[in-house]
Amino acid sequence: MASFQKTEAGRNLSLVVKDAYMDLHERAARGAFVIWIAINVPAEIFLGFDDVVYGVPESHAALNAAKGIGALQCEKAERIGYSMDLCSYARIDIGCVSDNFADSPTFGLPRPHLLVSNTNNCSLLTKWFDVHHREMGVPHFILDVPFCYGPQQEKDREYIVAQFHDLIRVIETMSGQRCDMEKVKQAVAYTDEGIGWWKKFLGYAEHRPSGITAFDSFVQMAPFLVARGTPRFVEHYRLLAKETGARAAAGDVPVPDEKYRLFWDNIAPWHQLRDMSAGLAALKANIVGATYTSCIGSVEGSFDRYPYDGGDPLAMLARTQNCYVCPHGMALRGKAMAQAVKRLGIDGIVFAGNRSCKPYSLTQFDQQRKMAQALGVPSVMIEVDHADVRKYNRENTFTRLEALIENIGMQRSVRMSA
Amino acid sequence: MMNLLKKLDALKNDGRPIIACFPLYPPLALFHSMGLAPVVVWGLRGHVSGTETADRHLPSYTCSVARHLTEFILSDARDFIDGIFMYNACDTLRNLPEILTGQLAAAGRDVPFFHMHLPMTPRDQTEASGYLKNEIRTLITNLSDRFGVKFSSEKFQNSVALYQRMRELVLAVQDQAAAGRLGFLDFAEVMQAGAFMPVEGHIRALEDLTARPGKHNAGASKLPMDNTIGVMISGILPPQPSVVNAMTAAGMTVAADDIASFYRSYAVMPEPEPDPAEYYGKFYDDHYPCPTLLYMGDRRWAAFMDRLRQSGARAVIFIGEKFCEYEYFEFPYLEKRLAEAGFPSLRIEISIDDDQHTGAHDSRIAAFSEMLRGR
Ligand code: SF4
Ligand code: SF4
């Protein structure tokens, strides 16, 4: 299983997350201006204000799922009319709000003054935040990020920057506070520095056996959601990278007898992290990388870090708005995936079809064929809803994963006997 | 399917390049004015048999609209299509173009893909009119470059006038259907056929329908109007004939629709003007609120309620397109507000499997009607 709990970075992670939620609640109770944001709304902007805090419903939903209460929260939303076919993050969140976060592991999120959704990861987020907008009577700001089939265009970048300015104006008007762009710039610089360490941490997957599992990286994403733009963000990822490097150098790796190096395509299966990680390790397999965690801090079509040049922070934030997997097309996704497969020496790809997340899953059949043609790497399609355990079948999943491993083994024998 | 292929063939014989468009509110008059033949590939249920090809590319949790559309474009229709146009809509549709163009290329067809980003920011939040104008102008340039066609202001205004005429007729026919003088299914058939014919032909078909109402009665009320219960139907697609027949059998009539491919498409259309960039600014800003137009969320309930009250309908039947998040996020809210306003509602879910199992909703519709009669 992922070793994060036993490490310094694992312990620090718990502290970072706990402190972030405590800080959010305490400052909200003292009168801070509270914003609920979609996961990829650039929180660095809020750090330009003295007393603005933010909560991330998707992140809170993932936490619920990881704690094993995702299905419980989903059912609450379903009881008030929300279809089981809707994204499980949304159902968890709507379920949580429906009874004022009664079962939340973080005492929920403080009531917002403003909702900020965006259309980049998915446009249903806007519909989801509209649910709260209507029920709570809280204003809803929609950040519209054009989907891109090729590299992000200048006209789209300008459009996004214009919306950032509007968002700042809205917060200034509503909160009575001023946004200090120097502080935003500093926050962007901290994020950039932290991402540098994040990429270094992910880079330990290149070692053989890998210094990390993708399951470690899933869990370690949390600071990106609750603490980016802060010195603590940098410190945490520096600690993580250095510690992982030292452990790898000492031969302390998650799957020492690693025989099969796999790559994961989709959101983390939050409710299965332990089981899947242990199950694969028993098969001498390790998922060493994932599109989900590799895309952070890059631009569409690449997993390499996109560095901040110290210039206009809003331009930098706009430039990286399409970096996540969902806001760009199949060709760009395939390009980045192919690079990762080569760089990490991947033996097989696990395409995790996710009923909850169409934007991530819709092109996977074609992508699977493309990867097979382009790289000759075997792959498998499994079905895992990232947060609703009711839509997951362990037996089917492992049967397929075992078939993939067998397939890799067979290909190896053919190559060796050739 | 054969029927639609024949229509495409007829369009092809007119010599106009055919542009397959989705989703529902593309700049049709612009395409028409530039000598192109836009077809809206939407609501192809009943025209596409099976989704075998689509299912090799799309997961089972994709809505039927996208699966039928994919099946259609990748099957025999592919030889007729000269271009694909799409503006940003839902998370499903935005991922289709590369699948479609990739497969068409593999079949030896180089079909260009035209894309336009419709700003989804609420208009009182972000000034995006300049962005949209630029998108329209770029589209015109790209169409001109690809097809060697020219834009003319005069032709554009003429085309808009034709679409205006079509809109007036659609609304008139809808009124006739609501009054029970025309079957809703006849209306639906003409509307669907219209998506695959030039606007001039659609106008003729609508004129024909308004001139000869007595001839058509499928789905029309069999009861005297004062014995029927008028309901409003709402959804992305019109209900299948089996649902309309079940409504008729239960003594209900479609008093109004809030269907994306029907009323939502034609409720509002600006007057012609020379600059298409200006025109489409108004077209999208003033559009009838649809859940797919994210910037209109705040106007949705008021528009929905106006439509309902004006129609005199006593209840609402939601026709849920399975896996359509846009619609399904709104249903609980609309149902709750309707209940508060004293309007009962029924939610029916139509999945792709219902193509085979028609009549699955009959008993719920009958029970709903009885409940309404008992009130
Ligand atoms: S649909 Fe996918 S991208 Fe959208 S909120 Fe759900 S998990 Fe996230
Ligand atoms: S029915 Fe809904 S999910 Fe399907 S294509 Fe239309 S808007 Fe998208």
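Conventions used here
Residues numbered from 1 in each chain as written. Chains lettered and ligands numbered in written order. Predicted model: local features only at pLDDT ≥ 70, side-chain atom pairs only at ≥ 80, totals over all residues. Heavy atoms only, no water. Near = heavy atom within 4 Å. Nonpolar A, V, L, I, M, F, W, Y, C, P; charged D, E, K, R; others polar. Contact = heavy atoms within 4.5 Å. Salt bridge = Lys/Arg side-chain N within 4 Å of Asp/Glu carboxyl O. Polar contact = N/O pair within 3.5 Å; in protein donor to acceptor, adjacent residues only side chain to side chain. Helix = DSSP H or I, 4+ residues; strand = E, 2+ residues; numbered from the N terminus. Phe/Tyr/Trp six-rings, centres within 6.5 Å; stacked < 30°, edge-to-face > 60°. Buried < 20%, exposed > 50% of the residue type's maximum accessible area, 1.4 Å probe, protein only. Lys NZ or Arg CZ within 6 Å of the ring centre and 35° of its normal. Domains from an automatic or database assignment. Buried area = accessible area lost by both parts, 1.4 Å probe. Core = buried A, V, L, I, M, F, W, Y, C linked by side-chain atoms within 4.5 Å.

As a structural note, the neighbourhood of ligand 2 is formed by W42(B), C63(B), V65(B), C90(B), L93(B), I236(B), T292(B), E321(B) and C324(B). Looking at the shell around ligand 2, its residues break down into 7 nonpolar, 1 polar and 1 charged.

Turning our eyes to something else, we now look at the interface of chain A and chain B. In this complex, chain A contributes 52 residues to the contact, which on the side of chain B involves 52 residues. Applying the counting rule to chain A against chain B returns 6 salt bridges. The partner of K322(B) in a salt bridge is D85(A), and the shortest N-O contact between them spans 2.7 Å. Across the contact surface, chain A and chain B share 31 residue pairs in polar contact (both at pLDDT 80 or more). Looking at the side of chain A that touches chain B, the elements with two or more residues in it are α4 (88-98), α5 (124-136), β4 (140-143), α6 (154-175), α14 (330-344), α15 (358-361) and α16 (364-375) of chain A. Tallying contributions element by element places α5(A) first for the side of chain A that touches chain B, with 9 residues. The residue makeup of the side of chain A that touches chain B, split by class, is 22 nonpolar, 15 polar and 15 charged.

Looking now at the packing of aromatic side chains. Aromatic ring pairs: the centre-centre distance and the angle between the two ring planes describe each pair. In this structure the tally under the stated criterion is 37 aromatic pairs over all chains. Taken together, a centroid distance of 6.5 Å and an interplanar angle of 65° make the contact between W270(A) and Y292(A) edge-to-face. With W270(A) in the loop between β5 (260-265) and α11 (273-282) and Y292(A) in helix α12 (residues 291-294), this pair connects stretches of sequence that are 22 residues apart. Summarising the burial analysis for this pair, W270(A) and Y292(A) share the class buried. Taken together, a centroid distance of 4.9 Å and an interplanar angle of 90° make the contact between Y279(B) and Y280(B) edge-to-face. Of the two residues, Y279(B) and Y280(B), both sit in the buried class. An aromatic cluster is built from Y87(B), F151(B), F156(B), Y279(B), Y280(B), F283(B) and Y284(B), whose rings are joined through pairwise contacts. Looking at K127(A), its charged tip hangs above the ring of Y326(B), at a distance of 5.7 Å from the centre. Its guanidinium or amino end placed over the ring of Y263(B), R307(B) lies 3.4 Å from that ring's centre, counting from NZ or CZ.

Another point: the domain arrangement of chain A. Residues and elements named next belong to chain A. The domain architecture assigned to chain A consists of domain 1 (3-180) and domain 2 (183-417). On a C-alpha basis, the centroid separation for the pair domain 1 and domain 2 is 23 Å. Contacts between the two partners involve 64 residues from domain 1, matched on the other side by 53 residues from domain 2. Regarding the contact of domain 1 and domain 2, the summed buried area is about 4,900 Å², with carbon and sulfur atoms giving 59% of it. At the boundary of domain 1 with domain 2, the tally comes to 6 salt bridges. Notably, a salt bridge pairs R390 with E78, separated by 2.7 Å at the nearest N-O pair. Seen at the junction of domain 1 and domain 2, the total is 24 residue pairs in polar contact (both at pLDDT 80 or more). Among the secondary structure elements, those contributing two or more residues to the side of domain 1 that touches domain 2 are α1 (8-29), α2 (57-66), α3 (70-79), α4 and α6. Per-element accounting of the side of domain 1 that touches domain 2 gives the leading share, 11 residues, to α1.

Residues and elements named next belong to chain B. On the secondary structure map, E327 appears in helix α14 (residues 325-340). We classify E327 as buried; its relative accessible area is 2%. Polar side-chain contacts of E327 include one of 3.0 Å to the side chain of R264. Those residues in contact with E327, other than ones at most four positions away along the chain, are G235, I236, R264 and P291.

Below, the discussion takes up the nonpolar core. Inside soluble globular proteins, nonpolar side chains tend to come together where they are buried. Counting residues in hydrophobic clusters, the biggest one holds 156 residues, and the most contacted among them are F46(A), Y89(A), F218(A), W264(A) and W270(A). If you tally residues by element for this core, the top one is α1(A), at 8 residues. Residues from two domains meet in this core; each of domain 1 (3-180) and domain 2 (183-417) of chain A gives at least three. Setting aside residues up to four positions removed in sequence, Y89(A) forms contacts with E58(A), A61(A), A62(A), W128(A), I267(A), W270(A), Y292(A), H386(A) and A387(A). Among the nonpolar cores identified, the runner-up in size contains 123 residues, and L8(B), A66(B), L104(B) and V199(B) belong to it.

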